[in-house]
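Chain by chain, the residues:
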Amino acid sequence: MSGKAASSIDDINLDALVLEEGIRDAPVCIIVLGMAGSGKTTFTRSLIEHAQAKFNPYVVNLDPACREVPYAAHIDIRDTVNYKEVMKQYQLGPNGGIVTALNMFTTKMPKFVELVRRAGERGHKWCIIDTPGQIEVFNWSASGSIITEGLATMFPTIVVYVMDVVRSACPTTFMSNMLYACSILYKTRLPFLVALNKIDIKDCSFVQEWMTDFEVFQDALEEEHSYVNNLTRTMSLTLDTFYEHLITCGVSAKTGVGYGPLMSRILDCVAEYEQDYKPVYEKMRLQRLAEQQVKSQPAAHIDAAGTAVPMGLDLNDPPSNTDNSIFLMAPTIVPQQMDADEEIESDAKSKAEEQNFQSFVQDHLNAQQIKRDRLERNQQQQESK
Ligand SMILES: Nc1nc2c(ncn2[C@@H]2O[C@H](COP(=O)(O)OP(=O)(O)OP(=O)(O)O)[C@@H](O)[C@H]2O)c(=O)[nH]1
């Protein structure tokens with residue numbers, strides 16, 4: 001074990017690791033993504049079994065909400081973050097809870113990548129990462145990007161998108177799945193493999209045909225009579241170029257059928273990473289290294305750099321509301337609290353208003369009395385005449 005590997009896990013600095021040492025050869029990180037229920041967890045379990053002898057996979061579960069996983073995970077997000085407690089403490093729903101749990105886990109990213117690096121040194125050639133059921137939570141959250149980029153700048157990394165062929169038999173659902181796959185491909189900028197799962201129930205050749213032959217997909221759409229047909233047709237034309245670069249492979253996570261070809265597709269993707277993606281991530285690494293060196297140097301000529309000017313803004317955080325941890329409240333339950341000063345001021349104001357009103361009424365009464373007296377006097381004068 002190297003000196004670095006033997007150092008304490010608490011002294012880890014991600015920037016230093018990523019920027020100074022560059023991209024290692026192992027382990028290859030395989031990020032498993034897919035829509036809820038597509039079979040990610042079952043797929044991960046089967047992949048571990050098939051890869052065990054040759055690649056000795058290191059296994060990571062990043063789904064904080066799952067009850068149990070059917071494999072032994074080396075790192076499990078549930079050991080770091082208690083998802084139920086997060087929901088309770090922050091008063092969140094299930095999806096908000098998953099996002100927050102993932103954000104919390106991301107704060108441990110330096111330790112996470114260091115553990116993966118050490119696993120590589122111990123002979124784990126692959127690192128398989130199972131992700132949360134709600135794909136958008138991983139794909140569109142900041143933490144998902146941090147995890148993906150953090151891994152891709154340290155290790156060869158690829159994405160496996162698990163797609164349920166049974167549910168994709170409907171052309172519109174197929175198109176939604178493909179749009180999602182397309183968005184992930186462009187978001188992650190990593191080699192991308194589509195695992196067409198559940199082929200023990202339905203053969204996946206129809207999906208491959210739809211992707212290569214536009215007319216066959218048109219015919220399937222004609223049969224569907226859905227009001228979104230036109231949109232789906234246009235989409236399929238748009239996605240034509242995307243299909244050309246897509247590697248697909250039919251598997252059954254349940255029975256293990258198709259895992260032989262799947263393994264060689266994965267190796268193709270790793271080769272693609274080495275050839276096309278590694279130079280990009282290397283360049284990114286060197287850029288960041290240069291930026292970090294500039295940032296860490298103190299200004300050489302402080303006079304030439306100018307003097308600090310107060311901004312005239314109070315940028316302190318507002319005092320926290322200790323009485324109330326609820327962020328959003330219905331107007332009816334907002335506590336009616338007033339400052340003591342505000343209360344005194346308000347009392348004085350209403351007293352003055354009362355006095356003003358009383359004197360206005362008095363003035364009015366006086367004026368009327370004067371008028372009445374004058375009228376009486378006039379009447380008496382006329383009568384005496
Ligand atoms: N027949 C068949 N069923 C499968 C296959 N793969 C998964 N399943 C079933 O599909 C259901 C969902 O599988 P999971 O592995 O839990 O899917 P997941 O994507 O991890 O689910 P979430 O993380 O909850 O979104 C389970 O009932 C699995 O048994 C397969 O290849 N064939």
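Before reading further, recall that the structure is shown in the block above.
Definitions and cut-offs
- Residues numbered from 1 in each chain as written.
- Predicted model: local features only at pLDDT ≥ 70, side-chain atom pairs only at ≥ 80, totals over all residues.
- Helix = DSSP H or I, 4+ residues; strand = E, 2+ residues; numbered from the N terminus.
- Buried ≥ 20, exposed ≤ 12 C-beta atoms within 10 Å, placed from the backbone.
- Contact = placed C-beta atoms within 7 Å.
- Pairing = 2+ DSSP bridges.
- Near = placed C-beta within 6 Å.
- Expected span 1.5 Å × (residues − 1).
- Axes fitted to C-alpha atoms, helices over the stretch in contact; angles between N-to-C directions.
- Parallel < 35°, antiparallel > 145°, perpendicular 65-115°, else oblique.

1. Describing the overall build of the protein
A count of helical and extended segments in the protein gives 16 helices and seven strands. Classification of the 385 residues of the protein by burial places 31% in the buried group. Relative to all contacts within the protein whose residues are 6 or more apart in sequence, the contacts with residues 24 or more apart total 79%.

2. Here's the deal with the sheet that holds strand β6 (residues 192-197)
Strands sit in the order β3-β2-β4-β1-β5-β6-β7 across an open sheet of seven strands; the sheet is parallel. Two strands lie at the open edges of the sheet, namely β3 (75-76) and β7 (247-250), each paired on one side alone. Two elements, β6 and β7, share four bridges in a ladder whose sense is parallel. Counted as the bridge partner of A195 is C249 from β7.

3. What to know about the site of the ligand
The immediate surroundings of the ligand are formed by 17 residues, with G39, T41, T42, G133 and K254 found nearest. With three residues, the single largest contributor to the shell around the ligand is helix α3 (residues 40-55).

4. Quick look at the environment of M235
Here M235 lies in helix α13 (residues 229-238). A sequence separation of 60 residues divides M235 from M175, and the C-alpha atoms of the two residues are 7.6 Å apart.

5. Observations regarding the environment of S143
For S143, the location among the structural elements is in helix α9 (residues 142-152). Apart from residues no more than four positions distant in its own chain, S143 is found in contact with L102, N103 and T106.

6. Quick look at helix α6 (residues 94-106)
Taking 1.5 Å of rise per residue, 13 residues should cover 18 Å, and α6 covers 18 Å from first to last C-alpha, within 8% of that figure. Within the span of α6, buried status applies to G97, I98, V99, T100, A101, L102 and F105. Those residues of α6 hidden inside the fold are in contact with α4 (77-80), α5 (83-90), α8 (135-139) and α9.

7. Considering the packing of α5 against α6
For the pair α5 and α6, the least separation of the axes is 9 Å and the interaxial angle reads 110°. Classified by the angle their axes make, α5 and α6 are roughly perpendicular. Together, Y83, V86, M87 and Y90 of α5 and G97, I98, T100 and A101 of α6 make up the contact between the two elements.

That's the geometry; what it means functionally is another story.
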